[in-house]
Amino acid sequence: MKNKQLNLTSGPILSTLTELALPIMASSFLATAYNITDMAWIGMLGSKAVAGVGVGGMYVWLSQGLCSLSRMGGQVNMAQALGRKDREASIRYADVALQLTILFGLFFTALCLLFTDPLLHFFNLTDPEAYASARVYMLITCGLLVFSYLNLTLTGLSTAQGDSKTPLMAKSDLYKISGHWDHYKEGMFVLGDEDKDKEVFALRPMTCPFQYYVYKASQKSYRDLPCRYGETSTLFRNEDSGEMHGLTRVRQFTISEGHLIVRPDQMVKEFKDCIALAQYCLQTLGLEEDVTYHLSKWDPENPEKYIGEPEVWNETEEDIRNILNELNIPFTEDVGEAAFYGPKVDINAKNVYGKEDTMITIQWDALLADQFDMYYIDEKGDKVRPYIIHRTSIGCYERTLAWLIEKYAGMFPTWLCPEQVRVLPISEKYADYAENVCQKLTANGVDATVDNRSEKIGFKIREARLQRIPYMLIVGQKEQEENKVSLRSRYKGDEGQVALDDFIADITEEIRTKEIRKIEVSEEK
C-alpha cells in the first residue's frame, strides 16, 4: 500500500489554528518556564527583562520553527519520521497530538491572559516607571541585531574546546563549596529563607562552579590539559540601586566567558593568550586606545575577605606582574580589588561621566580547584591540583553596547550596523530596480532595505543620514539602464556613480574584514 503522508496543514480550520496558536503557545510556554508571564515577578526579583534578547529571541526561533514545520505538510512523511511499524496508526497519532497541543496552547494562553492583569495591579506594576525601578531593559530590532552581531563575533573568536549550557540557578550548597555564599552572598539573588526552607536557591552570579563540574565529569590526565570551556551566559547580580546606570550596570546581563583548567606549567602561556584575545577583541571594535590595565590585588589588611594563604596571593600577583611587564603593557596596581579567590587583570574604560568601568577581566585562580576537589593525573600517576583562568573576551555585552554607543554616537562600524545599506529610488518608477538591488545585497550577506515611500529624495537622504546608515544607494533611470547606483556614504559623502557589482564586492570585503573606516567628511546638520 502506498505510504500516506501527513499534511499538518490539511483543512482550513487546522491550518488557521496552527498559524495563530503555535506562536502564542510558544511565547506563553517560554514565558511561564522562565517565570515571566508578567512583569510583576521581574519586579519582585529586582531583576531585568530581556524580552528582545533571551525569551523573545527563543520565542521567535521556536514559533517560526514550529510554523515552518506546519507548512512542510505533505512534503514530510511523518509516519516514517516517527519510526512506528504501523504507519497509518502513527499518522492518526500525530494528527491527534498536534490538535491536542494546539488546544492546550490556547487554553494555557487564556489562563495567562486572565491572571496577568490582576497580578500587575496587585504589585502596582502597571506604570512603566515601576519597571524602571526594577532596572528593566529591553532590546528591540536594532539593539537586538547589534547584540547578535557582537555575540556571533565573540563566539567565533572563542578559544574554548567545548561550549557548555549551565543552569540559571543552583542550591546554596554549590555556592557554599565555591565560597560565594560566604564572600558574595550580598551580591546574589537568593530564593528562599535559610531559617524556614529546607532548600534555598540562588540565581547564578557566575558560571564557574558549574563548569568545574563539567571538568569533573570525567577523569583527566596531564595530557588532556589545558581544558577550555566557554559559554555565553546570562548572569544575575544584586547590585545596589544607587549603582545602576543605563546599560552600563544592570542586574541581569549577558557575558561571553571561559574557564581554562590548566597545569601549573601551562598557566603563563594560557594567561598571555587570554590577554591577546582580549586585545584582539578591543582592536576589532576599535576600542584598544580607550582602555587602561590594572592588576587587582588582595588587601592583606582584610584577609577575612579572601580564601587562601598570603604566600599564594603574593606569588600569583607576582606572576601576573611579570606577565604584564613581559608584554610591555603599562598598568596600575589596585589593592583590594581582587576576587575573593585570586588576583586578576582588569581592563577598564571611562564612560562619558569620567567614571571607570571594568570591561574585561582575566583572573588567576590557584585556590578553587582545591575547594571542588579538582585534579588531574600527572606523569607519575599522582593526583595534582590544576590552576584555573577565568576570562572574558569582551566582558558584559550590555556594558560593551553602552560603550560602543558612547564612542561612536550611533555611527558604528559598517559590520556592526543593524542596517548597512538603504536603497533610495528617486520615484516609484524605479521601485522594482531598487528592490532588485536590495535583493542582491541581501543575498551577499549585507543588511539592506528599500525606502519606497512617496517622499522627496532629499528628505529620504536626510532621514537615512540621521539614522546613521553607513551607505545610501540612490537609483533612477540612468542607474537602472547601466546597472549602477549613485553612492553616498558617511565616510566620503557623495561618491558618484559606481557599478553595483563593484559596490557589493567592496562592502562585503569591508564587512568580512570588520574594517573600521575613517570618516573623512564633516557631518551635515
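Position numbers for residues count from 1 along each chain, tracking the sequence in the order it is written. Residue-level local features of this predicted model are given only where pLDDT is at least 70; pairs of side-chain atoms are given and counted only at 80 or more, and the full residue set underlies all totals for whole chains, interfaces and linings. Water and hydrogen atoms were dropped before computing side-chain values, which therefore reflect all heavy atoms in the structure.

Undergrad: Tell me about the overall build of the protein chain, residues and numbers included.
TA: Comment: elements are numbered from the N terminus, with helices defined as DSSP H or I runs of at least four residues and strands as E runs of at least two. Assigned secondary structure in the protein chain consists of 18 helices and 18 strands. The burial tally for the protein chain puts 46% of its 525 residues in the buried class. Only the protein chains shown count as cover for residues, and the accessible areas themselves come from Shrake-Rupley with a 1.4 Å probe. Carbon and sulfur atoms provide 53% of the accessible area of the protein chain, an area that totals close to 26700 Å². Working definition: with a 1.4 Å probe on protein chains only, accessible area under 20% of the residue-type maximum means buried, over 50% means exposed, and in between means partly exposed.

Undergrad: Outline the confidence of the model for the protein chain, supporting the account with residue identities and numerical values.
TA: Of all residues in the protein chain, 70% have pLDDT values of 70 or greater, and the mean over the chain is 76. The element-level mean pLDDT for the protein chain is lowest in helix α2 (residues 39–45), coming to 29, with strand β14 (residues 421–425) highest at 97. Below a pLDDT of 50 lies the segment residues 1–87, which in the model reaches 145 contacts outside its immediate sequence neighbourhood of four places, other chains included. This model gives residues 111–133 a pLDDT under 50, and the stretch forms 25 contacts once residues within four places in sequence are excluded. Each residue carries a pLDDT score, the predictor's confidence in it, ranging from 0 to 100. Every residue pair with non-hydrogen atoms within 4.5 Å of one another is taken to be in contact.

Undergrad: A description of the pairing of β14 should follow, citing residues and the corresponding values.
TA: Burial analysis of β14 places 5 of its 5 residues in the buried class, the great majority of the element. The two faces of β14 match: Val-421, Val-423 and Pro-425 on one face and Arg-422 and Leu-424 on the other face are all buried. Think of it this way: DSSP has to see at least two bridges between two strands before they count as a pair. One ladder, built from 3 bridges, connects β14 with strand β15 (residues 448–450); its direction is parallel. Across the sheet, residue Arg-422 finds its bridge partner in β15, namely Thr-449. Clockwise travel from the first strand over the helix to the second, with the strands pointing away from the viewer, marks a crossover as right-handed. In terms of handedness, the path from β14 via helix α15 (residues 431–443) over to β15 forms a crossover that is right-handed. Bridging between β14 and strand β16 (residues 471–475) involves 5 bridges; their strand directions are parallel. Its bridge partner being in β16, Leu-424 is matched across the sheet by Ile-474.

Undergrad: Report on the packing of aromatic side chains, specifying residues and quantitative values.
TA: Two aromatic rings from Phe, Tyr or Trp, using only the six-membered ring of Trp, form a pair when their centres are within 6.5 Å; if the ring planes differ by under 30 degrees the pair is stacked, by over 60 it is edge-to-face, and anything between is tilted. Inspection of every chain in the model, using the stated rule, returns 10 aromatic pairs. Ring centres of Trp-298 and Tyr-306 lie 5.8 Å apart, and the angle between their planes is 75°; this geometry places the pair in the edge-to-face category. Owing to a relative accessible area of 7%, Trp-298 belongs among the buried residues under this scheme. When its relative accessible area of 7% is taken as the criterion, Tyr-306 is described as buried. Residues Tyr-306 and Trp-313 carry aromatic rings whose centres are separated by 5.1 Å and whose planes lie at 70° to one another, so their mutual orientation is edge-to-face. Exposure class is identical for Tyr-306 and Trp-313. Each is buried. Put simply, the rings of Tyr-212, Tyr-213 and Phe-372 pair up and form one aromatic cluster. Criterion for a charge above a ring: Lys NZ or Arg CZ within 6 Å of the ring centre, and within 35 degrees of the ring normal. A cation sits over an aromatic face here: Lys-220 above Tyr-215, 4.7 Å from the ring centre. The aromatic ring of Tyr-408 is capped on one face by Lys-407, whose charged end is 5.7 Å from the ring centroid.

Undergrad: How would you explain the environment of Ser-393 if you had to name every residue and give the values?
TA: Position of Ser-393 among the secondary structure elements: in strand β13 (residues 387–396). Residue classification places Ser-393 among the buried positions, given a relative accessible area of 3%. Linking Ser-393 and Thr-361, residues 32 residues apart in sequence, is a C-alpha distance of 8.2 Å.

Undergrad: Tell me about the pattern of salt bridges, and name the residues and values.
TA: We define a salt bridge as a side-chain nitrogen of Lys or Arg found within 4 Å of a carboxyl oxygen belonging to Asp or Glu. Under the defined criterion, the tally for this structure stands at 20 salt bridges. With a closest N to O distance of 3.4 Å, Glu-199 and Lys-171 form a salt bridge. With Glu-199 in the loop between β3 (190–191) and β4 (201–203) and Lys-171 in strand β2 (residues 169–171), this residue pair connects regions lying 28 residues apart in the sequence. The exposure class assigned to Lys-171 is partly exposed, which follows from its relative accessible area of 35%.

Undergrad: Pulling in residues and values, what's your account of the environment of Leu-295?
TA: Of note, Leu-295 is situated in strand β7 (residues 291–297). With relative accessibility at 0%, the residue Leu-295 sits in the buried group. For the pair Leu-295 and Val-335, spaced 40 residues apart in sequence, the C-alpha separation works out to 8.5 Å. Apart from the residues within four sequence positions on either side, Leu-295 is in contact with Glu-317, Ile-320, Arg-321, Leu-324, Phe-331, Thr-332, Glu-333, Asp-334 and Lys-344.

Undergrad: Which residues make up the side chain of Thr-284, and what values do they have?
TA: Secondary-structure assignment places Thr-284 in helix α11 (residues 267–285). A polar contact is formed between the side chain of Thr-284 and the backbone oxygen of Tyr-280, at a distance of 2.8 Å. Leaving out residues up to four positions away in the same chain, Thr-284 has contacts with Trp-415, Lys-514 and Ile-516. For this analysis, a polar contact is any N or O atom pair within 3.5 Å, provided that within protein one partner can donate a hydrogen and the other can accept it, and provided that sequence-adjacent residues contribute only side-chain to side-chain pairs.

Undergrad: Residues and numbers for helix α14 (residues 397–408), please.
TA: The span you would expect from a helix comes to 1.5 Å times its residue count less one. Under the 1.5 Å per step criterion, the end-to-end length of α14 is 16 Å for 12 residues, consistent within 8% with the ideal 16 Å. After α14 finishes, the residue Ala-409 shows a positive phi value of roughly 50°.

Undergrad: Give a description of the sheet that holds β2 that names residues and reports values.
TA: The antiparallel open sheet is built from 3 strands, whose spatial order is β2-β4-β3. Only two strands of the sheet have a single neighbouring strand rather than two, namely β2 and β3. Inspection of the sheet shows β2 paired to β4 by 3 bridges, in the antiparallel sense. Residue pairing across strands places Ala-170 opposite Ala-202, the latter belonging to β4.

Undergrad: Just give me the short version of helix α12 (residues 310–326), but keep the residues and values in it.
TA: Taking 1.5 Å per residue as the helical rise, α12 with its 17 residues ought to reach 24 Å, and the 24 Å between its terminal C-alpha atoms agrees with that figure. Where α12 is concerned, the buried positions are Trp-313, Thr-316, Glu-317, Ile-320, Arg-321, Ile-323 and Leu-324. Burial along α12 is one-sided: seen end-on, the buried residues are contained in an arc of 160°. Among the residues trailing α12, Asn-328 stands out with phi positive, at a value near 55°. It is the directions from the helix axis to the C-beta atoms that the arc portrays.

Undergrad: So what about the side chain of Lys-297? Which residues, and what values?
TA: Within the secondary structure, Lys-297 sits in strand β7. Exposure remark for Lys-297: the relative accessible area of 15% places this residue in the buried category. Side-chain polar atoms of Lys-297 contact the side chain of Glu-333, separated by 2.8 Å. Once residues within four sequence positions are removed from consideration, Lys-297 is found in contact with Tyr-306, Glu-317, Arg-321, Glu-333, Asp-334, Val-335, Gly-336, Glu-337 and Ala-338.

Undergrad: Outline the pairing of β13, listing residues and values.
TA: With 9 of its 10 residues buried, β13 lies for the most part within the structure. Examined bridge by bridge, strand β6 (residues 252–262) and β13 share 7 bridges and lie antiparallel to one another. In the strand pairing of β13, Glu-257 is matched with Thr-392. With 4 bridges connecting them, strand β10 (residues 356–365) and β13 associate as antiparallel partners. Residue Trp-364 lies in a different strand from β13, and its bridge partner there is Ile-389.

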